[in-house]
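Each chain is listed here by its residues.
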Amino acid sequence: MKNAPTAALLTRIERDWRTARPDLNPEPMLTVIAVQRTSGLLQAELEAFLPGMA
């Protein structure tokens, strides 16, 4: 799951969330997950570009 492409992961989480809790809006949670994954990717790229700086 950690290496799953973000769009596919978010789609799966949204589907599962709407099944388990149809009364709650999953959009805020999905936004936070997308930002966290993007942050992790950016951090990895910065560490590769600037070794020892992170």
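The structure presented is a predicted model; accordingly, all values stated were derived computationally and were not measured.

Asker: How would you summarise the overall build of the protein if you had to cite specific residues and measurements?
Answerer: Summing up its helical and strand segments, the protein has 2 helices and 0 strands in all. A total of 54 residues make up the protein; the buried ones form 13% of that total. When the accessible surface of the protein is totalled, it reaches about 4400 Å², and 64% of it is carbon and sulfur.

Asker: Quick rundown of the pattern of salt bridges? Include the residues and the values.
Answerer: Two side chains carrying opposite charge are able to pair once their charged atoms lie near each other. Tallied over the full model, the rule gives 4 salt bridges. Between Glu27 and Arg18 there is a salt bridge, with the nearest N and O atoms lying 3.8 Å from each other. Under the relative-accessibility criterion, Arg18 is labelled partly exposed at 40%. Connected through salt bridges with shared partners, the residues Glu14, Arg18 and Glu27 form a single ionic network.

Asker: Outline helix α1 (residues 6-20), supporting the account with residue identities and numerical values.
Answerer: Taking 1.5 Å per residue, 15 residues should reach 21 Å; α1 reaches 21 Å between its end C-alpha atoms and fits that length. Inspection of α1 places Leu9, Leu10 and Ile13 among the buried residues, and these make up the whole buried set. Each buried residue of α1 lies within a common arc of 95° when the element is viewed along its axis, so the set occupies one face. The exposed set on the far side of α1, more than 90 degrees from its buried face, consists of Ala7, Thr11 and Thr19. Summarising the contacts, the buried residues of α1 are in contact with α2 (27-49).

Conventions adopted
- Within each chain, residues carry numbers counting from 1 in the order of the written sequence.
- Local features are withheld for residues below a pLDDT of 70 in this predicted model, meaning they are given only at 70 or higher, and side-chain atom pairs are given and counted only at 80 or more; totals for whole chains, interfaces and linings count all residues.
- The side-chain values count all of the structure's non-hydrogen atoms but skip hydrogen atoms and water molecules.
- Numbering of helices and strands starts at the N terminus; helices are DSSP runs of H or I of at least 4 residues and strands are runs of E of at least 2.
- Buried means the residue's accessible area, taken with a 1.4 Å probe over protein chains only, is under 20% of the maximum for its type, while exposed means over 50%, and partly exposed covers the values in between.
- Throughout, the Shrake-Rupley method with a 1.4 Å probe supplies accessible areas, and for residues the shown protein chains are the sole cover considered.
- Salt bridges are defined by distance alone: a side-chain nitrogen of Lys or Arg within 4 Å of a carboxyl oxygen of Asp or Glu.
- Expected helix span is taken as 1.5 Å per residue step, with the number of steps being one fewer than the number of residues.
- Arc, as used here, means the arc of the directions from the helix axis to the C-beta atoms.
- What makes two residues a contact is simply this: any of their non-hydrogen atoms within 4.5 Å.

Distances and angles like these do not, on their own, reveal function.
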